[in-house]
Amino acid sequence: MSMIQKNVQNIRQKIITIALRCGRDPNKITLLAVSKKKTIKDIKQAVDAGQLCFAENYIQEGVEKIKLLSNLSLIWHFIGSLQSNKSRFVAKYFDWCHTVNSVSLANRLNFQRSSMSNKLNVLIQINISNEVQKSGISLDELPFLAEAINVLPFLALRGVMAIPPLYKSYDAKLLAHRKIAEVFQQLTHMYPSVDTLSLGMSNDMDAAIIAGSTMVRVGTAIFGRRV
Ligand SMILES: *Cc1c(COP(=O)(O)O)cnc(C)c1O
């Protein structure tokens, strides 16, 4: 068995262990394999371990991989920051976009998805600490953007995504994750289509699951370090 295959199995097991320990259903947590900067061969090894959902950050690289692997019926998530002049590639090739952060981007994606038979699943990227270097919206903008997306016929509003800042203490980390989860819970009460909280990466997966994440985005712990 390859290292990548073993890693996928270990992460799966870890998700189950953490979920059960905090009384959650492990089946409600999707593992996304973040394959940015990794090769087709690496991705195929993860597929050999039963992994079907992959995430990419860079449009050109992502589209290339999606085309090369189109015979495998994988599910592709776009998780990078999205410039409006690249949005058509997300609308055409990806199943999900985690980084919607404006009404104008949502409108573009909706229009560009209109020729496809299924909706594009979208998450609103939120930035709870208002860090300038991160591209999510602030919490007070969320209701307006959620409503704008909800009325678009070719987008499915599925929830929120966040990349919390790096905290030194576990408690601070968990607190930040819980704050995001609370916002997500409120959104589920307003929109029946909302069921996804994309939160947690290789180094904060446990805090994210304990807080209520339904989708973890794991790169390094599956594929090893990126160079
Ligand atoms: C790269 C990336 C990940 C994966 O991070 P790891 O630390 O390698 O698990 C998750 N989410 C986003 C948005 C990323 O850009």
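Per-chain numbering applies: the sequence of each chain, read as written, is numbered from 1 onward. Local features in this predicted model are restricted to residues of pLDDT 70 or higher, and side-chain atom pairs are both shown and tallied only at a pLDDT of 80 or more, whereas totals for entire chains, interfaces and linings draw on every residue. The side-chain values count all of the structure's non-hydrogen atoms but skip hydrogen atoms and water molecules.

Caption draft 1: Looking closely at the pairing of strand 5 (residues 120–126). A large share of strand 5 lies buried, amounting to 7 of its 7 residues. Of the two faces of strand 5, the one holding Leu 120, Val 122, Ile 124 and Ile 126 and the one holding Asn 121, Leu 123 and Gln 125 are both buried throughout. By the bridge criterion, 3 bridges tie strand 4 (residues 96–100) to strand 5 in an arrangement that is parallel. Opposite Cys 97, over in strand 5, you have Val 122 as the bridge partner. Throughout this description, buried means an accessible area under 20% of the type-specific maximum (1.4 Å probe, protein chains only), exposed means over 50%, and partly exposed covers the range between. Secondary structure counts use DSSP, requiring at least four H or I residues in a row for a helix and at least two E residues in a row for a strand, with both numbered from the N terminus. Should DSSP find at least two bridges between two strands, the strands are regarded as paired.

Caption draft 2: The arrangement of the packing of aromatic side chains in detail. Two aromatic rings from Phe, Tyr or Trp, using only the six-membered ring of Trp, form a pair when their centres are within 6.5 Å; if the ring planes differ by under 30 degrees the pair is stacked, by over 60 it is edge-to-face, and anything between is tilted. Inspection of every chain in the model, using the stated rule, returns 2 aromatic pairs. Measuring from ring centre to ring centre gives 5.7 Å for Phe 54 and Trp 76, while their planes differ by 35°; the resulting arrangement is tilted. With a gap of 22 residues between them, Phe 54 in strand 2 (residues 53–56) and Trp 76 in strand 3 (residues 75–78) connect regions that are remote in the sequence. Trp 76 carries the same exposure label as Phe 54, and that label is buried. Aromatic side chains Phe 78 and Phe 94 sit 5.4 Å apart centroid to centroid with 75° between the ring planes, which places their arrangement in the edge-to-face category. One end of the pair, Phe 78, is in strand 3; the other, Phe 94, is in the loop between helix 4 (87–93) and strand 4, with 16 residues separating them in the sequence. Looking at Phe 78, the relative accessible area reads 0%, which means it is buried. Classification of Phe 94 as buried rests on a relative accessible area of 1%.

Caption draft 3: View of the state of the cysteines. The criterion for a disulfide is a pair of cysteine sulfur atoms lying within 2.5 Å. All told, the structure shown has 0 disulfides when counted by the stated rule. With no disulfide partner, Cys 97 has as its closest neighbouring cysteine sulfur the one in Cys 53, 16 Å distant. Note on Cys 97: relative accessible area 0%, which makes it buried.

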